[in-house]
Amino acid sequence: GKDKSKKTPKEEGPPPPKPLVTFHLCGTDELQICGVLAAYNLLVSSLPSPSPFSIVPLKSSPVITSMSSRAPKNCGVMMTDSLTSGTALFGLKQCLSGLAPPLASQVESAQISQWMGWCESVLVPAVKKPEKLLEKAVSALSSHLAGSPTGRISDRRPLTVADIYAITTLMPLIPTFKPLSDPAALTSFLSTVPQEPLFSKTFSDSKRFITDPPPSDGLLSILRGIFSSALYATFPEAPTLGISIMVTQTKDPKNGEYQCNNAMELFKKLPKPNAFKAPRDVAVALTSGIKHPLIEKLDVAGPGFINITLSTTFLTDKLKNLVVAGDPRPSKPSTTPRKVVVDFSSPNIAKDMHVGHLRSTIIGESVCRILEYTHHPTDRVNHVGDWGTQFGMLIQYLLETFPKIAEGDMTGVDIKDLTAFYKAAKIKFDEDEIFKKVAQQNVVKLQGGDEQCRKIWQLLCDISRNEFEKVYKRLGVTVTECGESFYNEMIPGVIEELTSLNMVVPDGGAKCIFVPEYRIPLMVQKSDGGFGYDSTDMAAISYRLRKLQAGQVVYITDFTQSDHFMMIFDAAKKAGWWNTTSHKITHIGFGTVCGEDGKRFKTRSGDTVRLVDLLDESVRRMEESLLERNKEGKGSIPEGEIRSTAEKIGYGAIKYFDLSRNPTSNYIFSYDAMLDTRGNTGVYLMFAKARLGSIINKAREAGVDVADLEKAGGLELDLGHVTERSLAIEILKFPDVLENVLEALAPHKVCEYLYNMSLVATSFVTECRIMENGVPNKSRLLLCSIAANVMQACFHLLSIECPDRI
């Protein structure tokens, strides 16, 4: 960076050396990074040595590392330098242009500038458009090259930044080009420019600068890293061909547990002529240099499938590490931790929580646990509906129902049924004009700070809050209330700021923000001067991004609010409050809980189902089932534990029934399906884990405590049986699963893994004897313990409390 000191040296001496100008590059597109590095090499090649310019790896810049971890995948290239005061530049054109100004006298010319502009405005868009446009653009470039004495874009210099821009744009498409009328010039250009020493060197240099997120400790991540390294070492041109490694788990482990299927695609895309007669030859070349402790054997099968057999020693060593750790949770985050605000649950004051709040509440709790488990500090925000015109009505009805409140006596107020109270107030509001008029006056008083109205409003909030907390306690949910009223004082300032940015447009007396692609605007202030949801949500997102300094904000509501939040996000971005480089803002929109008729789940009378009633019914049914199992001799739960066990299973079954589905889908609520002991249900999974716990307890009774085995260490694990090996691999997939879950904030992916783990674990304990003549097999006992620990981690992420025995 520049020397920012403004002090003049007291003593005269030689001038201080010029500080280096440093460029940082980041991104996941290796070809673009190679292009920028090639341009850099070109630009400084004519300068005397040592060059005052340097590019350093991203790893040396913690600030940019943090920014990079928040950027979306395939974001291209980001560069900061002291000349632009840390400005982030995206895309090859911007980065090349950013490199050029310091050396304008050496590199710039009208012709190069013109062709740089052509690449940006014609060639790049053509790549993404119909084939005819691409053919037209490529033909224009080919014609120019044919008439150039150098065979390059410049008619004077053999290589320029414009050549690099064109080549890095076109190279991934080379295999798909259709024959041109005069392809010789273009063919020569595409084949010879990458061979220029100044350009080709960057393919090896780029490895120092590319900083992908550190891979997880999962088997799939390790394998992808191994094969990626082999791909780039064996085929240096692979990045220019758009090849990315494909490693997947096989369905039948007889020929290997994993498979790499890149050879066929690579064979098709490799420039011809080459030394390979078939995809199988490519596969053999790719595997020839691979040596890694994870891999026991590589076999090339069929036309070029690479079958991967994992090393038993590596698997057992990884399992031993889990035994020592005792917890499968990663010790370090896979991405730079950042503060996350999660907005979920959000019931309305003076109304009972109903089935419609189920999904937001339990999805939100799971999302928070996923973030916290992976080391991201998380604010759990309950954006309750505690403000609005309805409070005038509720205040008046409470005054009339409990007259002593007017005298300041709040002691006799007892509202047992919030929903019934709200309905009664609404009926009177609709039918009694005098009541309605007084209620409307109460709204003005409340917003104006009237002491009596404020006290009654606070009382309503306290009563509701206590009822909400009872539900949260039963569901194991932790959330901090920060309702609509919290943002009231911020709204005028936010509107004033948005107005100064020329974003607010008067419309029919109201103040609106028109967001492109949306027909209805955001109304930040009503025509009567009041504020609504749009006003509150703009103030809320401003507060979360700027005051709380959140790097990520997650909103969890029903899918019908998706457009509203997309407009809020777009308006906040236009205001400069966030950008895709340094922030991530997500709306998780969920579908509807339906009844057997496929419509919204309601009571027989047509009323909304209260959440407490749904929970009670689930526990009641589970309690009956457990009592019946005890009578039949299928269960052994002491009578005093029946109720608490039924609560754990009943609540857990509800959560799993919901979380196991993609949140965007509707689903039909069924107690029978939810509480089924077979299939992909929470009850079955809890049975599977309890079975592992029962085996561990039996071993303890036989004199072998798995906790002592874990402390002692040094025990050799045996994976000789196919189910032992399958369970080991399933356990070691957990880091990969966790990384995918974190990326998508998708609890249903945890459910998928947990169900597969339960199936594999059940198969293991069914086919392998853990107790032989009353003596525990210690290796298998440890496998049971490790599997139980991983399953427990999954249950924790889903906010399910699993009973020790069923």
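As the structure is a computational prediction, the values presented were derived from the model and not from experiment. (Residues numbered from 1 in each chain as written. Predicted model: local features only at pLDDT ≥ 70, side-chain atom pairs only at ≥ 80, totals over all residues. Heavy atoms only, no water.)

Undergrad: So what's going on with the overall build of the protein chain? Residues and values would help.
TA: Each helix and strand in the protein chain was counted, giving 30 helices and 20 strands. Looking at the protein chain as a whole, 50% of its 806 residues qualify as buried. Partitioning the intrachain contacts of the protein chain with sequence separation of at least 6 by distance along the chain shows that 72% fall at a separation of at least 24. About 38800 Å² of surface is accessible on the protein chain, with carbon and sulfur atoms providing 52% of the total. (Helix = DSSP H or I, 4+ residues; strand = E, 2+ residues; numbered from the N terminus. Buried < 20%, exposed > 50% of the residue type's maximum accessible area, 1.4 Å probe, protein only. Contact = heavy atoms within 4.5 Å. Areas by Shrake-Rupley, 256 points an atom, 1.4 Å probe, with all protein chains shown as cover.)

Undergrad: Which residues make up the environment of I556, and what values go with them?
TA: By the secondary structure assignment, I556 is in strand β15 (residues 552-558). By relative accessible area, which is 2% here, I556 ends up buried. Spatially, the C-alpha atoms of I556 and S360 are 5.7 Å apart, while their sequence positions differ by 196 residues. Sequence-distant contacts of I556, that is, excluding residues within four places in its chain, are made with V342, D343, F344, S360, I363, G364, V367, I588 and F590.

Undergrad: Can you break down helix α10 (residues 219-234) residue by residue, with the values?
TA: The first and last C-alpha atoms of α10 sit 23 Å apart over 16 residues, in line with the 22 Å expected at 1.5 Å per residue. Those residues of α10 lying buried are L219, L220, S221, I222, L223, I226, F227, A230 and L231. (Expected span 1.5 Å × (residues − 1).)

Undergrad: Talk me through the pairing of strand β13 (residues 510-513); I want residue IDs and the actual numbers.
TA: With three bridges connecting them, strand β12 (residues 505-507) and β13 associate as antiparallel partners. Counterpart to V505 in the pairing with β13 is C512. What sits between β12 and β13 in their antiparallel hairpin is a turn of two residues, with G508 showing a positive phi close to 60 degrees. Across three bridges, the pairing between β13 and strand β14 (residues 522-525) is antiparallel. Residue pairing for β14: K511 is matched across the bridge by Q525. (Pairing = 2+ DSSP bridges.)

Undergrad: Just give me the short version of unusual backbone geometry, but keep the residues and values in it.
TA: Here the bond from K272 into P273 is cis, since omega is -5 degrees, no more than 30 degrees from zero. Examined against the element boundaries, P273 turns out to sit in the loop between α11 (263-269) and α12 (279-288). Unusually for a residue other than glycine, S345 sits at a positive phi of about 75 degrees. You can call S345 buried: its relative accessible area is 4%. Phi at Q549 is positive, roughly 60 degrees, even though this residue is not glycine.

Undergrad: Just give me the short version of the sheet that holds strand β8 (residues 305-310), but keep the residues and values in it.
TA: Here four strands make up an open sheet; going across it, the order is β5-β6-β8-β7 and the pairing antiparallel. Sheet topology places β5 (247-249) and β7 (295-301) at the edges, where each strand pairs with a single neighbour. Neighbour to neighbour, the strand axes of the sheet diverge by 25 degrees on average, direction disregarded. In this sheet, β8 lies alongside β7 in antiparallel orientation, the contact comprising six bridges. By the bridge assignment for β8, I295 is matched with L310. Strand contacts of α10: β5, β6 (258-260), β7 and β8, with the helix running at about 130 degrees to β8, the strand carrying the most contacts. (Axes fitted to C-alpha atoms, helices over the stretch in contact; angles between N-to-C directions.)

Undergrad: Residues and numbers for the pattern of salt bridges, please.
TA: Two side chains of opposite charge can pair, provided their charged atoms sit close to one another. Evaluated as defined, the whole model comprises 35 salt bridges. In this structure, E400 and K428 form a salt bridge, with 2.6 Å as the shortest nitrogen-oxygen distance. With E400 in helix α15 (residues 390-401) and K428 in helix α16 (residues 418-431), this residue pair connects regions lying 28 residues apart in the sequence. Owing to a relative accessible area of 38%, E400 belongs among the partly exposed residues under this scheme. For K428, a relative accessible area of 27% gives the class partly exposed. Across the salt bridge formed by D613 and R610, the nearest N and O atoms sit 3.2 Å from each other. You can call D613 partly exposed: its relative accessible area is 37%. For R610, a relative accessible area of 25% corresponds to the partly exposed category. A network of salt bridges, in which partner residues are shared, links E617, R620, R621, E624 and D672. (Salt bridge = Lys/Arg side-chain N within 4 Å of Asp/Glu carboxyl O.)

Undergrad: Give me the nonpolar core: which residues, what numbers.
TA: Counting 167 residues, the largest nonpolar core has F227 and L398 as the members making the most contacts within it. When residues in this core are grouped by element, the largest group, 13 residues, is from helix α30 (residues 778-797). The contacts of F227, once residues within four sequence positions are left out, are I245, V247, C260, L286, I290, I295, L298, I306 and I308. Listed in part, the 34 residues of the second largest apolar core include L498, V515, A550 and V553. (Core = buried A, V, L, I, M, F, W, Y, C linked by side-chain atoms within 4.5 Å.)

Undergrad: Describe the packing of aromatic side chains, with residues and values.
TA: The description of an aromatic ring pair rests on the distance of the ring centres and on the angle between the ring planes. Applying the stated rule across the entire model yields 16 aromatic pairs. A centroid spacing of 6.0 Å and a plane angle of 75 degrees characterise the contact between Y487 and Y543, whose relative ring orientation is edge-to-face. One end of the pair, Y487, is in the loop between β11 (480-481) and α19 (491-500); the other, Y543, is in helix α20 (residues 533-547), with 56 residues separating them in the sequence. By relative accessible area, Y487 is classed as buried at 1%. For the cation-ring pair, K272 lies above F267, with the distance from its terminal atom to the ring centre recorded as 5.3 Å. (Phe/Tyr/Trp six-rings, centres within 6.5 Å; stacked < 30°, edge-to-face > 60°. Lys NZ or Arg CZ within 6 Å of the ring centre and 35° of its normal.)

Undergrad: I'd like a rundown of the sheet that holds β13, residues and numbers included.
TA: Strand order in this open sheet of three strands is β12-β13-β14, and the pairing throughout is antiparallel. Looking at strand neighbours, the two that pair on one side only are β12 and β14, the edges of this open sheet. Mean inter-strand twist for the sheet, computed between neighbouring axes without regard to direction, equals 45 degrees.

Undergrad: Please set out the pairing of β15 residue by residue, giving values where relevant.
TA: Burial of β15 is extensive: six of the seven residues sit out of reach of the surface. Examined bridge by bridge, β15 and strand β16 (residues 584-590) share seven bridges and lie parallel to one another. The partner of Q552 across the bridge, within β16, is K584. Following the chain from β15 across helix α21 (residues 562-574) to the adjacent parallel β16, one finds a crossover that is right-handed. (Right-handed = clockwise from strand over helix to strand, strands pointing away.)

Undergrad: Give a detailed account of the side chain of Q552, specifying residues and quantitative values.
TA: Of note, Q552 is situated in strand β15. Discounting residues that sit within four places of it in the chain, Q552 has contacts with R338, K339, V340, V341, K584, T586 and L745.

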